[in-house]
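# Breakdown of the fold
The residues making up each chain are set out below.
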Amino acid sequence: MIPEIGHFALILALCVALVQGILPIYGAAVGNAALMSLAKPAARLQFLLILTAFGCLAYAFADKDFSVLYVASTSNSQLPLHYRLAAIWGAHEGSLLLWTFILTLWMFAVTLFSAHLPEATRSRILGVMGLVSVGFLLFMLTVSNPFERLIPAAPDGRDLNPLLQDPGMVIHPPMLYMGYVGFSVAFAFAIAALLGGNLDAAWARWSRPWTTVAWCFLTVGIAMGSGWAYYELGWGGGWFWDPVENASFMPWLAGTALVHSLAVTDKRGGFKVWTVLLAIMAFSLSLLGTFLVRSGVLTSVHAFATDPKRGLFILAFLAIVIGGSLALYAWRAPKVGLGGSFAMLSREGMLLANNVLLVAAMGSVLLGTLYPLFLDALDLGKISVGPPYFDSVFVPLMVPALFLMGIGPLAQWKKANLPDLAKRLKWAFGVSVVSALTLPIVLGNWTPLLSLGLLLAVWIVTTAVVSLRERLTHVTGNSLMERLASVPRSYWGMLVAHCGIAVFIVGVTMVKGFESEKDVRMNVGETASIGDYTFRFDGTQDVMGPNYTAARGTFRVSYDGSETTVLYPEKRRYPVQNQIMTEAAIDPGLLRDLYVSLGEPLDDGAWSVRLYHKPFIDWIWGGCFIMALGGALAISDRRYRIAWHKQEPAVPAPTRAARRKVA
Amino acid sequence: MTSRQKRFGFIGLGLVVLGVATALILNAFQSNLVFFFTPTQVSSGEVPKGRSFRIGGMVEDRSLTREGDGLTVHFVVTDTAKRVPVTYKGILPDLFKEGKGVVAQGQLVADGTFVASEVLAKHDENYLPPEAAEAMAKAKAAGAQAQSSSTLVVQP
């Protein structure tokens, strides 16, 4: 009964989404206030309906209702409750429901925080989101219904893939989807602006916080996924340039470009057309990513053939959304206008370069991800594009972008002066070069890449310091604290996010430069050393988990003769799917991680063992969280809070003041 | 600078970035694409010499042997038609099993052994990696063809 309620709620939600997607947009076009006013209640009703459906599916999982096909195929009676609930997004159908649920959640948020928007704009935004929702609901109801019954009911479920039975599974997909789907708001703002034909600085100011929130979620989501891969897969790495990872990284790159180009549209009224295109791009890549990962096309293009209806629906949906919005763009963009002019050497110019490089990097990732699929689909042979491709294309494209990141915030808008910039940045440059040359030698291993990485990291931090110092001389206040407090939060946010990148670069550089790993055979009582640490293997013992049995090894780690930690890696066996899983043991630290994973049992209680010493690896994820923190700081800025309450003037303040003077 | 010159400047800049990106991509593609071959293709000598590639198929039953160091393993990958001996030093993935599908990346050495630098087995109990499945399907199709043609030859 409960699953049927969920199913029915989905059908009702589709009807509501159709109303929400058609009438308000039409109303906005003909100026009918009654039709426009439908948008808000429809969005809220749709949210409640999808919430109901989501609740029903959650109940079916909690209740172990194996008469629901999806529940039976992704969970098991032995599976602990929190993983049964996380199993909601353990496969295709449930992920789509989660996606739609989060979409309606964002819609609901838009209805709450849009009092300051003109009625027509709000109607269009909610209408566009309603149309996206129509697509997803149709997809679910026609070819991937999570509430489909299994008659007769299975005696027990097939279980969630043991790889997914991890706390990471509970939190990573919702975070990632909050990011993916969050770009739908920026997309809806962009389409609304195209439909309405007015795209001014106020538009950018409204859509900026939404984009930044989505970007923060996506950043954290990707970092969590990478951290999860690091400790769960037992391979000691967090990023493999796997198509699934790339699928989440492409929207991030486009989103990062969008965040920066929105800054120009907001502050200077420039880059309008480009900003709109980026918003379309970011959301299209989010859609592409969702489908790439969830349709099974990445494991094999022939996954489409097993369910051609699904594949066709996906292709048609992507074609309609991307093609439709690009067509609208081509038709309406010329009306929007280009915005103010600027010199090549100016903050706009730097941000433009940042955008071009980010988009080029995104394109190279897209190509590397899709090219093997095309070849395979056309039967031209099977190839794989591995990490070396991405490393050798991505890094050279990012290096200039990272270098410009130091200069950009210091350059004036409209037109900057090169000698002046050079003067202001000379000591930052000096410090960076000196530390890039000396630090690796101090650390005991000089390589060009190590030097380059440290150069960029130090450069970003020192230029941030210069920028802050200059800023402090311009603000009023007597004590340093007062002046620090009067620097706007959005500015702090930018500095913090940029420093997050620096921390990230340090992490990547140090891991690449100084990590060491060892595969060894270890007898009981034997020791092995890696990176100044000595590991002693004290044998394994059998342990029982809730739904697995495991061999747990004991490793005593010592440094300089004194014991630092004891690590307990496990080799687990999940009987339901008869699957073996490696559970690595990690001793994390600010300056290094120690990582042990069990390989295979050999004779006489000996095991093959994999040991890693990973310097600074936690800085990689730390950097991502700092970036997201920067984003959060930026959103908390006063200028947005004011915007919630009253409508800001469409023209940027300085221009207005200037005009008044002229008048 | 006039706005016209400026526009050309921007377009030029965009083209330069595009060009550099294209050059990087082509260069990286040239040296980093990894092609996939079946054991049948390996034994008929279709594979590149001195270059890394992937093979896929089944790990032949009872073919896995381990050297004294506990790390170097030998096994045979087969598509049911042809067999390729493989050597690998390192820890095998959790899903590696005799009689199950596998994909390995590495190079062919002079004595016909495939020295793997990486062994992949990203799939569950009942599921073959697509490359491995395809290798077996191809071999089966080819085998069927060979059989029917051999019957034709034998009959007269």
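Residues numbered from 1 in each chain as written. Chains lettered and ligands numbered in written order. Predicted model: local features only at pLDDT ≥ 70, side-chain atom pairs only at ≥ 80, totals over all residues.

Below, the discussion takes up the domain arrangement of chain A. Residue and element names in this part refer to chain A. For chain A, the assigned domains read domain 1 (1-165), domain 2 (417-514 + 619-635) and domain 3 (516-616). For domain 1 versus domain 3, the distance between C-alpha centres works out to 43 Å. The interface of domain 1 with domain 3 comprises seven residues on the first partner and seven residues on the second. Of the residues assigned to the side of domain 1 that touches domain 3, the class counts are four nonpolar, two polar and one charged. (Domains from an automatic or database assignment. Contact = placed C-beta atoms within 7 Å. Nonpolar A, V, L, I, M, F, W, Y, C, P; charged D, E, K, R; others polar.)

All names here are of chain A. As summarised here, the arrangement of the four strands in space is β2-β11-β10-β9, forming an open sheet in which the pairing is antiparallel. Each of the sheet's edge strands pairs with one partner strand only, and the pair in question is β2 (516-522) and β9 (585-587). Strand-to-strand twist in this sheet, taken as the mean axis angle between neighbours without regard to direction, amounts to 15 degrees. Alignment of β2 against strand β11 (residues 607-615), held across seven bridges, turns out to be antiparallel. Counted as the bridge partner of Asp-519 is Arg-610 from β11. (Pairing = 2+ DSSP bridges. Helix = DSSP H or I, 4+ residues; strand = E, 2+ residues; numbered from the N terminus. Axes fitted to C-alpha atoms, helices over the stretch in contact; angles between N-to-C directions.)

Residue and element names in this part refer to chain A. Each neighbour pair has its own omega, and for Ile-151 with Pro-152 the value is 0 degrees, a cis peptide bond. Mapped onto the elements, Pro-152 comes out in the loop between α7 (119-143) and α8 (167-196). Non-glycine residue Trp-241 carries a positive phi angle of around 50 degrees. The topology assignment puts Trp-241 in the loop between α9 (201-232) and α10 (243-268). On the basis of neighbour counts, which here come to 18 C-beta atoms within 10 Å, the residue Trp-241 falls in the partly exposed class. Even without glycine at this site, Asn-578 takes up a positive phi of about 50 degrees. Secondary-structure assignment places Asn-578 in the loop between β7 (570-574) and β8 (579-583). (Buried ≥ 20, exposed ≤ 12 C-beta atoms within 10 Å, placed from the backbone.)

What follows is about the interface of chain B and chain A. Contact with chain B, which involves 29 residues of that partner, is made by 38 residues of chain A. Looking at the side of chain B that touches chain A, the elements with two or more residues in it are α1 (3-32), β1 (33-37) and α3 (130-154) of chain B. Grouping the amino acids of the side of chain B that touches chain A by side-chain chemistry returns 16 nonpolar, six polar and seven charged. Relative to β1(B), strand β1 (residues 383-385) of chain A runs antiparallel, the two being bridged by three bridges. Within β1(B), the residue paired with Val385(A) across the bridge is Leu33(B).

Moving on: the packing of helix α3 (residues 39-62) of chain A against α7(A). All names here are of chain A. For the pair α3 and α7, interaxial distance at closest approach is 9 Å and the crossing angle is 35 degrees. At the point where α3 passes α7, the crossing takes the left-handed sense. On the side of α3, the interface is formed by Ala-39, Lys-40, Ala-42, Ala-43 and Gln-46, while α7 contributes Arg-122, Ser-123, Leu-126, Gly-127, Gly-130 and Ser-133. Classifying every residue of the contact of α3 with α7 by side-chain character gives four nonpolar, five polar and two charged. (Left-handed = near helix turned anticlockwise from the far one by under 90°.)

Next up on the list: the environment of Ser364(A). When you line up the elements, Ser364(A) lands in helix α14 (residues 347-377). C-alpha separation for the pair Ser364(A) and Glu583(A), spaced 219 residues apart in sequence, amounts to 34 Å. Contacts of Ser364(A), omitting those with residues within four sequence positions, involve Val393(A), Phe394(A), Leu397(A), Ala21(B) and Ile25(B).

In a soluble, globular protein the nonpolar side chains are often hidden away together inside. Ranked by size, the top nonpolar core spans 192 residues in total, and within it Ala186(A), Phe189(A), Ala254(A), Ala279(A) and Ile460(A) carry the most contacts. Considering every element that reaches this core, the biggest residue donor is α8(A), with 17 residues. The residues touching Ala186(A), leaving out its near neighbours within four places in the chain, are Ser207(A), Trp210(A), Thr211(A), Ala214(A), Leu258(A), Ala279(A), Ala282(A) and Phe283(A). Core analysis: the second largest hydrophobic core is formed by 29 residues, Val59(B), Val73(B), Tyr88(B) and Ala139(B) among them. (Core = buried A, V, L, I, M, F, W, Y, C linked by C-beta atoms within 7 Å.)

Okay, the pairing of strand β4 (residues 533-544) of chain A next. Residue and element names in this part refer to chain A. Strand direction decides the pairing type here: strand β3 (residues 527-530) and β4, joined by four bridges, are antiparallel. Along β4, the bridge assignment pairs Ala-528 with Phe-535. Connecting β3 to the next strand, β4, in antiparallel fashion are two residues, including Gly-531 with a positive phi near 50 degrees. Note that β4 and strand β5 (residues 549-559) share 10 bridges and pair antiparallel. Residue pairing across strands places Thr-534 opposite Ser-558, the latter belonging to β5. Linking two consecutive strands that pair antiparallel, namely β4 and β5, is a turn of four residues.

A word on the confidence of the model for chain A. Residues and elements named next belong to chain A. A residue-level look at chain A finds 95% of positions with pLDDT of 70 or above and a mean pLDDT of 89. When mean pLDDT is taken per element in chain A, α3 scores highest with 97 and helix α22 (residues 653-662) scores lowest with 38. Below pLDDT 50 for its whole length, residues 646-663 participates in 14 contacts with residues either more than four positions away or in separate chains. (pLDDT = per-residue confidence, 0-100.)

Residue and element names in this part refer to chain A. With respect to the element layout, Lys-40 can be found in helix α3. Each C-alpha atom, one on Lys-40 and one on Leu-567, is 55 Å from the other, the two residues being 527 residues apart in sequence. In contact with Lys-40, not counting residues within four places along its chain, are Thr-111 and Leu-126.

Attention shifts here to the environment of Val557(A). Residues and elements named next belong to chain A. Summarising the element assignment, Val-557 is placed in strand β5. A count of 20 C-beta atoms within 10 Å places Val-557 in the buried class. C-alpha separation for the pair Val-557 and Leu-567, spaced 10 residues apart in sequence, amounts to 7.5 Å. Sequence-distant contacts of Val-557, that is, excluding residues within four places in its chain, are made with Tyr-533, Phe-535, Thr-564, Thr-565, Leu-567, Asp-587 and Leu-594.

Here the focus is α8(A). All names here are of chain A. Taking 1.5 Å as the rise per residue, α8 with 30 residues should run 44 Å; its terminal C-alpha atoms sit 45 Å apart, in good agreement. Among the 30 residues in α8, 22 count as buried, and that is most of the element. Backbone geometry just downstream of α8 places Gly-197 in the positive-phi region, at approximately 80 degrees. (Expected span 1.5 Å × (residues − 1).)

Residues and elements named next belong to chain A. Put simply, α7 and helix α13 (residues 308-336) touch, their axes get as near as 11 Å, and they point 170 degrees apart. One way to sum up the angle between α7 and α13 is to call them roughly antiparallel. The residues of α13 that touch α7, namely those facing Gly-135, Phe-139, Thr-142 and Val-143, are Lys-309, Arg-310, Phe-313, Phe-317 and Val-321. Its residues assigned to classes, the contact of α7 with α13 comprises five nonpolar, two polar and two charged. (Parallel < 35°, antiparallel > 145°, perpendicular 65-115°, else oblique.)

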